[in-house]
Amino acid sequence: MTVLILTCEQDVTADMVVARLDGTGVPVVRLDPADLPGGVALSGEFVHGVFRGHLSAGGRLVTMSGLRSVWVRRPGVPATRVAEPSAWLTEESAQALYGMLRSTGARWMNHPDAARQARHKPWQLHLAQRCGLPVPATLITTFPQAARDFAERFPDLVVKPVSGAHPQEPPRAVPTSRVAPETDFSAVAFGPTLLQRRVAKRADIRLTCVGDRFFAARKAVAKGADPSEVDVRFATSAEPWQPVETPPRVAASVHDYLQEAQLSYGAFDFAEDADGIWWFLECNQAGQFGFVEIETEQPIARAVADWLAAPLPDTAPHNGHVPMESVTCE
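In this convention, every chain numbers its residues from 1, walking through the sequence in written order. Totals for whole chains, interfaces and linings use all residues, but because this is a predicted model, local features are given only for residues with pLDDT of at least 70 and pairs of side-chain atoms are given and counted only at 80 or more. For side-chain calculations, the full set of non-hydrogen atoms in the structure is used, while hydrogens and water are omitted.

**Here we look at the environment of H111**
- Put simply, DSSP H or I for four residues or longer makes a helix, DSSP E for two residues or longer makes a strand, and each gets a number counted from the N terminus. Mapped onto the secondary structure, H111 falls in the loop between β7 (107-109) and α3 (112-118).
- On the accessibility criterion, H111 (2% relative accessible area) is buried.
- Put simply, H111 and S264 are 153 residues apart on the chain and 8.7 Å apart in space, counted from C-alpha to C-alpha.
- The definition of a polar contact used here is a pair of N or O atoms within 3.5 Å, where within protein one atom must be able to donate a hydrogen and the other to accept one, and adjacent residues in sequence count solely through side-chain atom pairs. Here D113 takes part through its backbone nitrogen, which lies 3.1 Å from a polar atom of the side chain of H111. Three labels apply to residues, based on accessible area from a 1.4 Å probe with only protein chains included: buried if under 20% of the type maximum, exposed if over 50%, partly exposed otherwise in between.

Written as C-alpha cells, this is what we have:
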C-alpha cells in the first residue's frame, strides 16, 4: 500500500522522510494540491454503494483504496497554478480532493479537521491548561483599556500574532517581540492582539511528537544574550540544539493534549525558566523538525516514516482519528 504526501515542491523536511520510506521499499506518491487540476489529476466514482478513486501525479497513478496513510505536510492551496485561478475553482478542487481522501480508510498525519482546529492559538492555550501544562498569563483583546490593565498586572510582556505567519507568498513569519514600557495600546482596537507575560527563560525547548514517540531538544540562551531577542527563530545565538529527556509530568500532559486534539504529530514549543519549568507556548501541528534532527541526530524522520508505513490495524478509526473515549484530560 502507498503513502501519500501532500506538500510543496521545496520541502526539505518531507525530503528526509521520503528518503527513509524509499529505503524501506514502501511506495510513496508526493504531490502538491496547488497543481490540481493540471499536473495532478483525480477521478472518483460512487456506484452501487462502493467508492473507487484514483490520483495521478508526476506520471504515477495510485488507487485511493490502496492508500495506507496521508501526510498533510505543507500542501499548497488547490488550483493556484492554473492559467486562470479563481476562488470558485480552488473551492471545487479542495472539495474534490479532500472529500475523496476522507472517503478512504487511510491514516492521517494529521486529519484536516483536526489540523484546522489545532491551528487556533486560543484553543491551544485552553487545551494546554486543561491538560496540566503551565501557560504564561495571556490576553487576546481588541479593547485598549484591557491591554493597559493587563500591562499593569504583568509589566514585562511580549506581543505575538494570534494566527502565526503572515499570509503573503511565500508566508512570512512574524516574530514575537517585547512590549516597550509606556506603550499606548490604542492600536489594539484595530485588530486582535495577543499579549503574554514574558518568561525569563534559560532555554528554548522543542518537543517533536510522532505518534507515541517524543523527541525533546533544548537550546540554551547564550550568556549575555540581547534581552530583546525573545523569539528563538530570529535569535543570533550560536548555542546548539541538544537532545534532552522529557519530564514525566510534561510527557503525560502532552500525551493528553495530542489525544484530545486528535493529532498524530505535533511540534511543541516551550520556554524553560530558571526553576526548570517548561512553559507552554504553542503546538504547531505541521511544524518543522529537520533543523532539530540535523543538530541532535534524533531519528525524527525515521519515526515519521515508520508511522506512515505502518500497516493499517483492523481496529483503526475510519479517518485516523483518536477515539474520544481515550481522552484523559479533565
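**Here we look at the side chain of D273**
- Counting through the fold element by element, D273 comes out in strand β15 (residues 265-273).
- Of the side chains with opposite charge, R202 lies nearest to the buried D273, which makes no salt bridge, at 6.1 Å.
- At 2.9 Å, the side chain of D273 and the backbone nitrogen of I277 are in polar contact.
- In what follows, residue pairs with any heavy atoms lying within 4.5 Å of each other are defined as contacts. Apart from residues no more than four positions distant in its own chain, D273 is found in contact with V199, A200, K201, R202 and W279. Only four residue types enter the charge count: Lys and Arg as positive, Asp and Glu as negative, with His and the chain ends excluded. The salt bridge definition used is simple: a Lys or Arg side-chain nitrogen within 4 Å of an Asp or Glu carboxyl oxygen.

**What about the nonpolar core?**
- In terms of nonpolar packing, the biggest core is built from 27 residues, with V17, L21, W71, V210, V304 and L308 touching the most fellow members.
- Contributing elements (two or more residues each) for this core: β1 (2-7), α1 (12-24), β13 (213-220), β15 and α8 (300-309).
- Per-element accounting of this core gives the leading share, eight residues, to α8.
- Domain segmentation is taken from an automatic or database assignment of domains. Three or more residues apiece are contributed to this core by two domains, here domain 1 (2-104) and domain 3 (201-300 + 313-329).
- Here L21 is in contact with V3, I5, V26, V28, A305, L308 and A309, once residues within four sequence places are set aside.
- To form a nonpolar core, buried Ala, Val, Leu, Ile, Met, Phe, Trp, Tyr and Cys residues must be joined to one another through side-chain atoms within 4.5 Å. A118, A128, L133 and C283 belong to the second largest nonpolar core, which has 23 residues in total.

**A short note on the pairing of strand β4 (residues 50-57)**
- In β4, alternate side chains face the same way, and those of F51, G53, L55 and A57 are buried while those of V50, R52, H54 and S56 on the opposite face are not.
- Only strands that DSSP links by at least two bridges are regarded as paired with each other. Relative to β4, strand β3 (residues 40-47) runs antiparallel, the two being bridged by eight bridges. Bridge assignment links V47 to a residue of β4, and that residue is V50.
- Following β3, the chain reverses through two residues before pairing antiparallel with β4; H48 in that reversal takes a positive phi of roughly 55°.
- Note that β4 and strand β5 (residues 60-63) share four bridges and pair antiparallel. Looking at β5, one finds that S56 is bridged to L61.
- What sits between the antiparallel neighbours β4 and β5 is a turn of two residues, in which G58 has the positive phi angle 60°.

**Notes on the pattern of salt bridges**
- Summed over the entire model, instances satisfying the criterion amount to 15 salt bridges.
- D35 is the partner of R81 in a salt bridge, and the nearest nitrogen-oxygen pair spans 2.8 Å. Of this pair, R81 sits in the loop between β6 (67-74) and α2 (87-102) while D35 sits in the loop between β2 (28-31) and β3, placing them 46 residues apart in sequence.
- Of the charged contacts, one joins E282 and K121 as a salt bridge, the two residues approaching to 3.7 Å between their closest N and O atoms. You can see E282 sitting in strand β16 (residues 278-284) and its partner K121 sitting in helix α4 (residues 121-130), a full 161 residues away along the chain.
- Here E282 falls in the partly exposed class, since its relative accessible area comes to 25%.
- With relative accessibility at 9%, the residue K121 sits in the buried group.
- Taken together, the salt bridges that share partners define one network made up of D32, D35 and R81.

**Looking at the packing of α1 against α8**
- Fitted lines through C-alpha atoms give the axes, limited to the stretch in contact for helices. The angle between two N-to-C directions lies from 0 to 180 degrees. Two elements in contact, α1 and α8, have axes whose closest approach is 8 Å; the angle formed by their N-to-C orientations is 60°. One finds that α1 runs oblique with respect to α8. Seen from above, α1 lies across α8 with right-handed handedness. Judged by residue contacts, M16, V17, R20 and L21 of α1 engage A301, R302, V304, A305, L308 and A309 from α8.
- Within the contact of α1 with α8, the residues separate by chemical class into eight nonpolar, no polar and two charged. Small angles under 35 degrees read as roughly parallel and large ones over 145 as roughly antiparallel, with 65 to 115 read as roughly perpendicular and the rest as oblique. Handedness of a crossing is defined here by the sense of rotation of the near helix relative to the far one, left-handed for an anticlockwise turn of less than a right angle and right-handed for a clockwise turn. Any residue outside Ala, Val, Leu, Ile, Met, Phe, Trp, Tyr, Cys, Pro, Asp, Glu, Lys and Arg is labelled polar, Gly included; the first ten of those are nonpolar and the last four are charged.

**Focus on the packing of α4 against helix α6 (residues 248-261)**
- Contact geometry for α4 and α6: axes closest at 9 Å, N-to-C directions at 130°. As far as their axial angle goes, α6 and α4 are oblique. Remark: the crossing between α4 and α6 carries right-handed chirality. From α4, W123, Q124, L127, A128 and R130 reach across to α6, where they touch Y257, E260 and A261.
- Of the residues contributing to the contact of α4 with α6, the split by class is five nonpolar, one polar and two charged.

**As for the sheet that holds β16**
- Within the open sheet, the five strands sit side by side as β14-β13-β12-β15-β16. Their pairing is antiparallel. In the strand order of this sheet, the two ends are held by β14 (241-244) and β16, each with one partner. Between one strand axis and the next, the sheet turns through 25° on average, direction left out of account.
- The pairing of strand β12 (residues 201-210) with β15 spans nine bridges and is classified as antiparallel. For C209, the partnering residue across the bridge sits in β15 and is G266.
- Against the sheet, α8 touches β12, β13 and β15, its axis set at about 25° to β12.

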